Amino acid sequence: MSADFDPTSVDLDTADATQIICYLNRGENDYNGQLGARISALFVILICSSAATFFPVIASRVRWVRINIYVYLFARYFGAGVIVATAFIHLLDPAYDEIGPASCVGMTGHWADYSWCPAIVLTSIMAIFLMDFAAERYVDNKYGFAHNHQNVEDIITDYPGQDDEVAAGPRSLTHNQLHSGDQDDSMHAAITSAQRQKDAPSRSKKENESYNSDPENGKTIQTPSVTEMEERSFQQQIAAFLILEFGVIFHSVIIGLNLGTTGDEFSTLYPVLVFHQSFEGLGIGARMSAIPFPKRYNWLPWFLCAGYGLTTPIAIAIGLGLRTTYNAGSFTANVVSGVLDAISAGILIYTALVELLARDFLFNPDLTRSRNRLTFMIICVLLGAAVMALLGKWA
């Protein structure tokens, strides 16, 4: 904003619109004390967000913890709805406010040459698509495993053609189930079963492999074991999940800084962000719980849960350290926050619509056929999106 701009004497017919917008959107350090309450927010958000994130992982990986299937379904699909709403309400909209065409940044210098906010979101979506596609191709080329096998059960199960779980043992998971996490009763049991198999002493290679005969060539074809299939699925899913978590973490850093330095809005922002971070953590944890982590990576889900739980408290602590100097409304802060929000919005839009909704509901041939369960899952998605969208009124 120009130094010669006098806000007390403005001719709207001749004044520079950019200077007016920048003046109206200018920010100052709003810190107004309440240090004790801000410190308490650090610990409350740490506990609540960590508990929500760890809960689905504990339920699927700790043997003595057993929950009702509908509790797990609620956590998983309510979390999916939360991520959808976060992408649009909590990331895309603030990004437009910070660097959009009608913002001070968007009307200044080269930022005014193009609508950079949607361009960044589009670039982010395309980048995530290419990374997801590359991961699929990498796994396909390395393991010779694609999506279009005619009979998935005969290829990846230990006992092809057997439906009796008692006779055949816990059935292994199809690729679509592993990738998207179909949550019927058998799927829920299979996640726990797969974890038990990984924790159990390893069988010999011969015991782990199954063989199918090829009548045309008179050859015996080795069928990958359950462990091998889960390894492939892990490599496919982990990249997409890490991208999702990093997108959420970017957002968490910004809101943590704001909570540590905000002024009169603190009393409203505090409880809203407790729910905000807990719901996001529930979505992260539920998505992570369906990933078949190999035994050598048993530590990874706990590390990722802890990473999410610690991010916002650390950002709050940094905000408290800068509480008298940090200006969330400055030009630089708006650029940094706006770009990160736009990148995160692209990540979460792609992940929410493709990985969570389309892959789980539209392109999952193993999706449960129970109308009641499907109805419950859809309601959970809508409820999660609605609650998170409502929270957008305050944060």
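In what follows, the accompanying structure is described. (Residues numbered from 1 in each chain as written. Predicted model: local features only at pLDDT ≥ 70, side-chain atom pairs only at ≥ 80, totals over all residues. Heavy atoms only, no water.)

We now examine the pattern of salt bridges. Where charged atoms of side chains with opposite charge meet at close range, the side chains can pair. This model, assessed by the stated rule, comprises four salt bridges. Here Arg-359 ties to Glu-136 by a salt bridge, and the two come within 3.9 Å at their closest N and O atoms. Here the residue Arg-359 occupies a position in helix H13 (residues 331-362), and Glu-136 occupies one in helix H4 (residues 116-143), the gap between them amounting to 223 residues. The class for Arg-359 is buried, based on a relative accessible area of 17%. For Glu-136, a relative accessible area of 12% translates into the label buried. Of the charged contacts, one joins Glu-355 and Arg-359 as a salt bridge, the two residues approaching to 3.0 Å between their closest N and O atoms. Linking Glu-355 with Arg-359, this pair stays in helix H13, spanning four residues, or about one helical turn. No difference in accessibility class separates Glu-355 from Arg-359, as the two residues are buried. Overlapping salt bridges bring together Arg-76, Arg-287 and Asp-360 as one network. (Salt bridge = Lys/Arg side-chain N within 4 Å of Asp/Glu carboxyl O. Helix = DSSP H or I, 4+ residues; strand = E, 2+ residues; numbered from the N terminus. Buried < 20%, exposed > 50% of the residue type's maximum accessible area, 1.4 Å probe, protein only.)

A separate point is empty space enclosed by the protein. Enumeration over the complete set of coordinates arrives at five cavities of 30 Å³ or more. Of the voids in this model, the largest cavity is the one considered here, and its volume is about 120 Å³. Forming the boundary of the largest cavity are ten residues, of which Gln-237, Ala-240, Phe-241, Arg-287 and Glu-355 lie nearest the centre. Counting residues per element, the ones that place at least two in the lining of the largest cavity are helix H10 (226-261) and H13. Residue contributions to the lining of the largest cavity peak at four residues, all from H10. Along the lines of polarity and charge, the residues of the lining of the largest cavity split into five nonpolar, three polar and two charged. (1 Å grid on protein atoms, 1.4 Å probe; cavity = no way out; pocket = protein on both sides within 12 Å on 5 of 7 lines; lining within 4 Å. Points joined across faces, edges and corners; volume = space filled by probe spheres on them. Nonpolar A, V, L, I, M, F, W, Y, C, P; charged D, E, K, R; others polar.)

Enumeration over the complete set of coordinates arrives at 13 aromatic pairs. Between Tyr-70 and Phe-376, the ring centres sit 5.0 Å apart and the planes meet at 85°, which makes this aromatic pair edge-to-face. You can see Tyr-70 sitting in helix H3 (residues 69-99) and its partner Phe-376 sitting in helix H14 (residues 371-391), a full 306 residues away along the chain. Judged by relative accessible area, Tyr-70 falls into the partly exposed class, the value being 30%. Both rings, one in Trp-299 and one in Phe-303, keep their centres 6.0 Å apart while their planes meet at 70°; by these two values the pair is edge-to-face. We classify Phe-303 as exposed; its relative accessible area is 55%. (Phe/Tyr/Trp six-rings, centres within 6.5 Å; stacked < 30°, edge-to-face > 60°.)

What follows concerns the side chain of Thr-86. As for its position among the elements, Thr-86 is in helix H3. Look past the residues within four positions of Thr-86 in its chain and what remains in contact with it is Leu-91, His-251, Glu-280, Leu-348 and Met-388. (Contact = heavy atoms within 4.5 Å.)

In this structure the tally under the stated criterion is one disulfide. One disulfide bridge connects Cys-22 with Cys-104, the sulfur atoms lying 1.9 Å from each other. Here the disulfide of Cys-22 and Cys-104 is right-handed, its torsion about the S-S bond being about 90°. Linking Cys-22 in helix H1 (residues 17-24) with Cys-104 in the loop between H3 and H4, this pair joins segments that are 82 residues apart in sequence. In this pair, the class of Cys-22 matches that of Cys-104, namely buried. (Disulfide = S-S within 2.5 Å.)

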